[in-house]
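Chain residues, written in single-letter form:
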Amino acid sequence: MSLIETERRGRVMVLTLNRPDRLNALPDLEDGDAFAAVCEAINGDPGISVAILTGAGRAFSAGGDLKAMAGRAALFEGSGAAIRERYRRVVHRIVRALYGLEVPLIAAVNGPAMGLGCDIAGLADVRLASTEARFGVPFIKLGLIPGDGGAWLLPRNVGYARAAEMLFTGEAIDADTALAWGLVNRVVPAAALMDEVLKLADQVAGQPPRAVRMAKALLRQGRDANFDQLLEMSAAVQALAHLTDDHIEGVQAVIEKRPGQFTGD
């Protein structure tokens, strides 16, 4: 059974973590390759404008496999040098693949998102949570630290002080707290989660495809660039956007008071 189940819905690609019997635990040793392949395929397909990531069953992802940790097996087998290398080639490959997605990524957090699962959800550009969702980074309770880049990511999502509280206590927060802290965009009833996410994804997918990818790239660059650097990048990208057919179509659609019909050209 493949870890990631894919479903194409027009310009939307739905990715489902399909390991429900283990609460979508991550990662097995082949999971880095699985994420890399799926994300590379999405980036290379101009017909895809947005991706959705969710979990099968009652969890989004419970994170690391505690039995494997206890047995020092799989990812956790061998010397410190061997474990470090597996983190780089498996865990880091997962988060790099998701962070490198060129299209907007929407997380549909249907249940618990813990450890690596929480940080994977945090890599999404937009996050919608079910009322059943919980978020936690309980690495400290296991005598560990975030080995997946979460110490960089979480403060950017919730602020330093709240990230420190989550990390130093290892305690999970519920969906309403995640909303108040800015970790999710909205909370919806469990039965309505995918309908709401698909509605949002279709809205994004209806925009000019190249402009959507350009806008995401600028948002990501803006996290670390200074204002002058971002202005220079914006000018260069905007010049390219002005030369697209979709730009002309967007202008005409506004003038004619009709929906735009965008092709990606």
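Definitions and cut-offs
- As a convention, each chain's residues are numbered from 1 in the sequence order in which they are written.
- pLDDT decides what is reported in this predicted model: residues at 70 or higher carry local features, side-chain atom pairs at 80 or more are listed and counted, and totals for whole chains, interfaces and linings draw on all residues regardless.
- Computation of side-chain values: all heavy atoms of the structure, hydrogens and water removed.
- Numbering of helices and strands starts at the N terminus; helices are DSSP runs of H or I of at least 4 residues and strands are runs of E of at least 2.
- Put simply, the radius of gyration uses C-alpha atoms, and a globule should come to 2.2 Å times the residue count raised to 0.38.
- Burial classes: relative accessible area under 20% of the type maximum marks a residue as buried, over 50% as exposed, and values in between as partly exposed (1.4 Å probe, protein chains only).
- Computed by Shrake-Rupley with a 1.4 Å probe, the accessible areas treat only the displayed protein chains as cover when residues are assessed.
- Think of it this way: Lys and Arg go in the positive column, Asp and Glu in the negative one, and His and the chain ends go nowhere.
- All charge positions are set by atom: Lys at NZ, Arg at CZ, Asp at CG, Glu at CD.
- Two strands form a pair only when DSSP identifies at least two bridges running between them.
- Side-chain rings of Phe, Tyr and Trp, where Trp is taken by its six-membered ring, are said to pair if the distance between their centres is within 6.5 Å; with planes under 30 degrees apart they count as stacked, over 60 as edge-to-face, and otherwise as tilted.
- Note on criteria: charge over ring means Lys NZ or Arg CZ within 6 Å of the ring centre, with the direction from the centre no more than 35 degrees off the ring normal.
- Think of each axis as a best-fit line through the C-alpha atoms, taken over the contacting stretch in the case of a helix, with angles from 0 to 180 degrees between the N-to-C directions.

(A) Focus on the overall build of the protein. A tally of helices and strands in the protein yields 11 helices and 9 strands. Taking 265 residues into account, the globule formula puts the C-alpha radius of gyration at 18 Å, and the protein, at 19 Å, falls close to it. With respect to the three principal axes, the spread of C-alpha positions in the protein is 65 × 40 × 35 Å. Residue burial in the protein is summarised as follows: out of 265 residues, 43% are buried. A total of about 13,500 Å² of accessible surface is found on the protein, and carbon and sulfur atoms cover 56% of it. Positive and negative side-chain charges of the protein, numbering 28 and 32 respectively, have mean locations separated by a distance of 3 Å.

(B) Spatial organisation of unusual backbone geometry. Of note, the bond from Leu26 into Pro27 is cis; its omega dihedral lies within 30 degrees of zero at -5 degrees. Summarising the element assignment, Pro27 is placed in the loop between strand S2 (12-17) and helix H1 (31-43). Positive phi values are uncommon outside glycine, yet Leu23 reaches one of about 55 degrees. With respect to the secondary-structure elements, Leu23 resides in the loop between S2 and H1. Given the relative accessible area of 27%, Leu23 is considered partly exposed. For Lys257, which is not glycine, the phi dihedral falls at a positive 55 degrees. For Lys257, the position within the fold is in the segment after helix H11 (245-255). Looking at Lys257, the relative accessible area reads 78%, which means it is exposed.

(C) Molecular detail of the sheet that holds strand S7 (residues 134-136). Strands sit in the order S5-S7-S8 across an open sheet of 3 strands; the sheet is mixed. Unpaired on one side and paired on the other, strand S5 (112-114) and strand S8 (173-174) mark the two borders of the sheet.

(D) Local environment of the packing of aromatic side chains. In this structure the tally under the stated criterion is 1 aromatic pair. Look at Tyr99 and Trp152: their rings are 5.9 Å apart centre to centre, the planes differ by 85 degrees, and that puts the pair in the edge-to-face class. With Tyr99 in helix H3 (residues 80-99) and Trp152 in helix H5 (residues 150-158), the pair connects residues that are 53 residues apart, well separated along the chain. Assessed through its relative accessible area of 33%, Trp152 is described here as partly exposed. Residue placement shows Arg220 over the ring face of Tyr99; its charged tip is 4.1 Å from the ring centre.

(E) Quick look at the sheet that holds strand S4 (residues 105-109). With mixed pairing, 6 strands are arranged side by side in an open sheet as S1-S2-S3-S4-S6-S9. In the strand order of this sheet, the two ends are held by strand S1 (4-9) and strand S9 (186-188), each with one partner. Each neighbouring strand pair of the sheet contributes to a mean axis angle of 20 degrees, computed without reference to strand direction.

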